[in-house]
Amino acid sequence: MTVEAHKETLGFQTEIKQILDLMIHSLYSNKEIFLRELISNASDAADKLRFEALSDDALYEGDSELKIWIEVDKAARTVSIRDNGIGMSREEVISHIGTIAKSGTREFFKNLTGDSAKDSQLIGQFGVGFYSAFIVADKVTLVTRRAGLSAEHGVRWESVGDGQYSIETLERKTHGTEVTLHLREEESEFLEEYRLKGIVKKYSDHISLPIVMPTTETDPEKNETTVSEEVLNSAQALWARAKHEITEEEYNEFYKHVAHDFEDPLAHIHNKVEGKLEYSSLLYIPARAPFDLWDRQQRRGVKLYVRRVFIMDDSEQLLPPYLRFIRGVIDSNDLPLNVSREILQHNKQIEAIRGGTVKKVLSTLENMAANEPEKYAIFWKEFGRVIKEGVLEDHGNREKIAKIMRFSTTHDDNPTPAISLDDYISRMKEGQEKIYYITAESFASAQHSPHMEIFRKKGIEVLLLAEQIDEWLVMHLTEYQGKSLQSVTKGQLDLGSLEDEAEKQEVEKAQDALKPLLDRLQAALVDKVKSVRITYRLTSSPACLVADDSGMDASLERLLKAAGQAIPSTKPIMEINPQHPLITALQEETDEARFKDWALILCDQALLSEGAQLDDPAAFVSRLNNMLIAMRNR
Ligand code: ADP
Ligand code: MG
């Protein structure tokens, strides 16, 4: 077969041009990381070859000793990073190096801030390490051939980092990739071997295959030169080493390698399990949520290894979706090397590893919450909403998950959630049996809801839940530590023994005395509410709406409707405050039409103060204006 060796010049995606500019400007202060990125790619390429070769040994082409070479040519002012990994076909070069295939391109650019420190972290999450070559090089040449293709399928790619690159086909005997950097004038330091060795030691020591530098020695007497290879790294899987031998820097560098992040992680969890089931894991909690945390297509999960052999990336079977932000590796001693994604789905060992790993992650978080609250606050801000999904997904660990959740409450009215359910319970009033909460569309409407009045008056703490997930959370988390969770907007107010006998009797008396008013209101609002009753939960508002004990919380109903779900509307119950002057005045209203207007205004007001939208706001405004005019004319 002959291949057209045609050379073509292609344009980069516009985004790549922007990324290049950003790279050069944002990362310049940390320019040596180009080497880490290129070594990381070479290491990934070796992993891929090793994995594909499990089912097709011929791919090694007789060369199964996988390595990474770093070569310097001082005269030509070049540094080359070469590997004998999987290599790339022409199409792969175009799609991997010429375009950004990843889904989140647009989000990436939306998220850019112009603040170089922040933006460089985004670059890491985005996985565009290859382009870091242009920080130090004004021209980059990549020559590659995919393992398994014949020699004439070699590819040469070249770019000076402007808007375009050239690509041509050529003969290449060996598989794998060589990236050659033509260093910029001012970057001569990277021609010094000691400098390169230092960078490898600093960032890439954990790479599990040898990174070598050829050294030539000339014997002037015999006029002979000998070439030998010096191995620059320890070439050992980091997770296989003993914990006490590993420095914080080494842990952090390995994180950057596996997570494609430029920022240090918040914490690592290094664990070795021995016995019937043997595996080791090195997991990380990132310091920042990836921009695609909520994207269902996003890559998630950890790398799976079997006895040090890389098997697959993003192995989502190893962790449940609510821990999808965890990065790292799990290395099993028991799984077969030819394990596939299908096998993983119904594998007992995987289930056991997953169960053990989840417990380990949750207990690490629990310790962090207890011992490093500031760190935990960062964690909760970034990942709290995802952790809450765990209450819905992972029934077995519900109590543990609930323990590490943090909420805003009326204790300090701080919108940053910092209070645990244990804190809440420790402050419960004498005689208080339930954990009270309110769900609302926003923090302010939760805070200021009329339903809160009695709780504020009595000093009973209420959880202020204003995230969408909270509606589902409280459906699944019905109790914690034997205490049931109770919505303050649902059902007849039942404060148990916190109730004041005198108050209660007063309500009962009022209920009788106001019976005619209640009946009139009910008749006027027959289309709007199920019933009308007296309450003592209000102190400053005239009325509020509550859901039936068996009904759905009004805020959940609104949420479902907004999401386009067809759900039957349930009429709320209206509760009125017998002490309120408006209610007193209403009793004296004899004009039936005006009475009806008052009733409708009360009802709409109650909705508004919960943060709900009115079906017919214009009607509300015109009714209110009529009332104001009538009052003025009095
Ligand atoms: P990432 O490594 O996060 O995917 P990079 O920009 O570093 O992003 O690399 C882009 C892609 O180019 C890689 O995913 C890989 O497919 C390909 N690539 C880069 N370097 C090599 C290499 N040495 N061998 C094979 N493929 C490579
Ligand atoms: Mg990379």
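Criteria and thresholds
Here, residues in each chain are numbered from 1, in the same order as that chain's written sequence. Here the convention is simple: chains get letters from A, ligands get numbers from 1, in the order in which they are written. Note on the predicted model: pLDDT of at least 70 is required for a residue's local features to be given, and 80 or more for side-chain atom pairs to be given and counted; whole-chain, interface and lining totals, by contrast, use all residues. Side-chain descriptors were evaluated using all non-hydrogen atoms of the structure, hydrogens and water having been removed beforehand. The salt bridge definition used is simple: a Lys or Arg side-chain nitrogen within 4 Å of an Asp or Glu carboxyl oxygen. The way it works is that DSSP assigns letters per residue, a run of H or I at least four long becomes a helix, a run of E at least two long becomes a strand, and they are numbered from the N terminus. Relative accessibility decides the category of a residue: with a 1.4 Å probe and only protein chains considered, values under 20% of the type maximum give buried, values over 50% give exposed, and everything between is partly exposed. For two strands to be treated as a pair, DSSP must find no fewer than two bridges joining them. Orientation is described by lines fitted to C-alpha atoms, with helices fitted over the stretch in contact, and by angles between N-to-C directions that extend from 0 to 180 degrees. The contact rule is simple, with two residues in contact once any of their heavy atoms fall within 4.5 Å. Any two of the Phe, Tyr and Trp rings considered here, Trp counted by its six-membered ring, make a pair once their centres fall within 6.5 Å; the pair's planes then place it as stacked at under 30 degrees, edge-to-face at over 60, or tilted in between. Note that the domain bounds were set by an automatic or database domain assignment. Computed over the protein atoms alone on a 1 Å grid, cavities are sets of points where a 1.4 Å probe fits but cannot get out and pockets are open sets with protein on both sides within 12 Å along at least five of seven lines; a residue lines them when it has an atom within 4 Å of a point. Grid points are joined across faces, edges and corners, and a volume is the space filled by probe spheres set on the points. For classification, angles of less than 35 degrees are called roughly parallel, those exceeding 145 degrees roughly antiparallel, those between 65 and 115 degrees roughly perpendicular, and all remaining angles oblique. All amino acids are sorted into three groups, where Ala, Val, Leu, Ile, Met, Phe, Trp, Tyr, Cys and Pro are nonpolar, Asp, Glu, Lys and Arg are charged, and the leftover types, Gly among them, are polar. Here a polar contact is recorded for every N or O atom pair within 3.5 Å, except that within protein the pair must consist of a potential hydrogen donor and a potential acceptor, and residues adjacent in sequence are included only if both atoms are side-chain atoms. To estimate the expected span of a helix, count its residues, drop one, and scale the result by 1.5 Å. The patches described consist of residues with a relative accessible area above 30% and no salt bridge, like charges being joined within 9 Å and nonpolar side chains (Val, Leu, Ile, Met, Phe, Trp, Tyr) within 5 Å. In short, Shrake-Rupley with a 1.4 Å probe defines the accessible areas, and a residue's cover is counted only from the protein chains shown.

### Regarding the pattern of salt bridges
(1) Moving on: Inspection of the entire model under this criterion finds 42 salt bridges.
(2) Moving on: Of the charged contacts, one joins Asp-413 and Arg-456 as a salt bridge, the two residues approaching to 3.1 Å between their closest N and O atoms. Note that Asp-413 is positioned in the loop between β15 (408-409) and α13 (421-426) and Arg-456 in helix α15 (residues 453-458), a separation of 43 residues in sequence.
(3) Moving on: Residue Arg-456 is classed as partly exposed on the basis of its relative accessible area, which comes to 38%.

### A short note on the sheet that holds strand β21 (residues 543-546)
(1) Moving on: Read from one edge of the open sheet, 3 strands run β20-β22-β21, paired in mixed fashion. Of all the strands in the sheet, just β20 (531-534) and β21 have a single pairing partner and so form its edges. Each strand axis lies, on average, 30 degrees off the axis of its neighbour in the sheet, ignoring direction.
(2) Moving on: Running at roughly 65 degrees to β21, helix α21 (residues 592-609) makes contact with β21 and β22 (573-576) of the sheet.

### As for the packing of aromatic side chains
(1) Moving on: According to the stated counting rule, one finds 18 aromatic pairs in the structure shown.
(2) Moving on: Where Phe-130 meets Trp-157, the ring centres are 5.5 Å apart and the plane angle is 75 degrees; that geometry is what we call edge-to-face. Pair noted here: Phe-130 is in the loop between α5 (116-126) and α6 (133-136) and Trp-157 is in strand β5 (residues 154-159), with a separation of 27 residues, a long-range link.
(3) Moving on: With relative accessibility at 7%, the residue Phe-130 sits in the buried group.

### Re the domain arrangement of the protein
(1) Moving on: We note that the domain assignment places domain 1 (8-226), domain 2 (238-373), domain 3 (405-497) and domain 4 (501-633) within the protein.
(2) Moving on: One C-alpha centre belongs to domain 2, the other to domain 3, and the line joining them spans 35 Å.

### Remarks on the layout of surface pockets
(1) Moving on: In this structure, the second largest pocket occupies an estimated 750 Å³ of space.
(2) Moving on: Along its surface, the second largest pocket is lined by 30 residues, and Glu-557, Thr-570, Pro-572, Leu-607 and Asp-615 are the ones closest to its centre.
(3) Moving on: For the lining of the second largest pocket, the secondary-structure elements that each account for two or more residues are β21, α19 (554-562), α21 and α22 (617-633).

### Quick notes on the environment of Lys-434
(1) Moving on: Within the fold, Lys-434 resides in the loop between α13 and β16 (435-439).
(2) Moving on: Using a relative accessible area of 21% as the deciding quantity, one classes Lys-434 as partly exposed.
(3) Moving on: If near-sequence neighbours (up to four positions away) are discounted, Lys-434 is found in contact with Tyr-424, Met-428, Ser-484, Gln-486 and Asp-494.

### Points about the packing of helix α17 (residues 501-513) against helix α18 (residues 515-524)
(1) Moving on: Closest axis-to-axis distance for the α17/α18 pair is 4 Å, and the angle between their directions is 65 degrees. In terms of axis orientation, α17 runs roughly perpendicular to α18. Between α17 and α18, the residues in contact are Gln-511, Asp-512 and Ala-513 and Lys-515, Pro-516 and Leu-518, respectively.
(2) Moving on: In terms of residue class, the contact of α17 with α18 is made up of 3 nonpolar, 1 polar and 2 charged.

### Some details on helix α16 (residues 468-476)
One full turn of an α-helix is made of 3.6 residues, so residues set three or four places apart face in the same direction.
(1) Moving on: Of all the positions in α16, only Ile-469, Asp-470, Glu-471, Leu-473 and Val-474 are classed as buried.
(2) Moving on: Taken together, the buried residues of α16 touch α11 (373-393), β16, β17 (462-465) and α19.

### With respect to unusual backbone geometry
(1) Moving on: Here Arg-308, not a glycine, exhibits a phi torsion of approximately 75 degrees, which is positive.
(2) Moving on: For Arg-308, a relative accessible area of 42% puts it in the partly exposed group.
(3) Moving on: The phi angle at Gln-481 is positive, at roughly 50 degrees, despite the residue not being glycine.
(4) Moving on: Mapped onto the elements of the fold, Gln-481 is located in the loop between β18 (479-480) and β19 (483-487).
(5) Moving on: Taking the relative accessible area as the measure of exposure, Gln-481 reaches 44% and is therefore partly exposed.

### A look at the side chain of Gln-447
(1) Moving on: In this structure, Gln-447 sits in helix α14 (residues 443-448).
(2) Moving on: Residue class for Gln-447 comes out buried when judged on its relative accessible area of 15%.
(3) Moving on: Side chain to side chain, Gln-447 and Asp-413 meet in a polar contact 3.1 Å long.
(4) Moving on: In this view, Gln-447 contacts Asp-413, Met-452, Arg-456 and Leu-464; residues no more than four positions away in its chain are not counted.

### Considerations on the sheet that holds strand β12 (residues 302-306)
(1) Moving on: With mixed pairing, the 5 strands of this open sheet are ordered in space as β10-β11-β14-β12-β13. Each edge of the open sheet carries a strand with a single partner, namely β10 (267-273) and β13 (309-315). Within this sheet the neighbouring strands show an average axis-to-axis angle of 15 degrees, counted without direction.
(2) Moving on: Strand contacts of helix α8 (residues 248-259): β10, β11 (279-285), β12 and β14 (327-332), with the helix running at about 85 degrees to β11, the strand carrying the most contacts.

### Some details on helix α2 (residues 33-53)
(1) Moving on: Given a rise of 1.5 Å per residue, 21 residues ought to cover 30 Å, and the 30 Å separating the end C-alpha atoms of α2 matches this to within 8%.
(2) Moving on: Within α2, 16 of the 21 residues are buried, which leaves the element mostly enclosed by the surrounding structure.

### Some details on a nonpolar patch on the surface
(1) Moving on: Side chains of Phe-51, Leu-54 and Leu-337 sit close together on the surface and give an oily, nonpolar patch of about 210 Å² of accessible area.
(2) Moving on: With respect to the element layout, Leu-54 can be found in the loop between α2 and β2 (68-73).
(3) Moving on: For Leu-54, a relative accessible area of 38% gives the class partly exposed.

### Concerning the pairing of β13
(1) Moving on: Among the 7 residues that make up β13, 5 are buried, leaving the element largely enclosed by the rest of the structure.
(2) Moving on: Alignment of β12 against β13, held across 4 bridges, turns out to be antiparallel. Paired with Val-302 across the two strands is Ser-315, which belongs to β13.
(3) Moving on: Taking the residues between adjacent antiparallel strands as the criterion, β12 and β13 are bridged by 2 residues, where Arg-307 takes a positive phi near 45 degrees.

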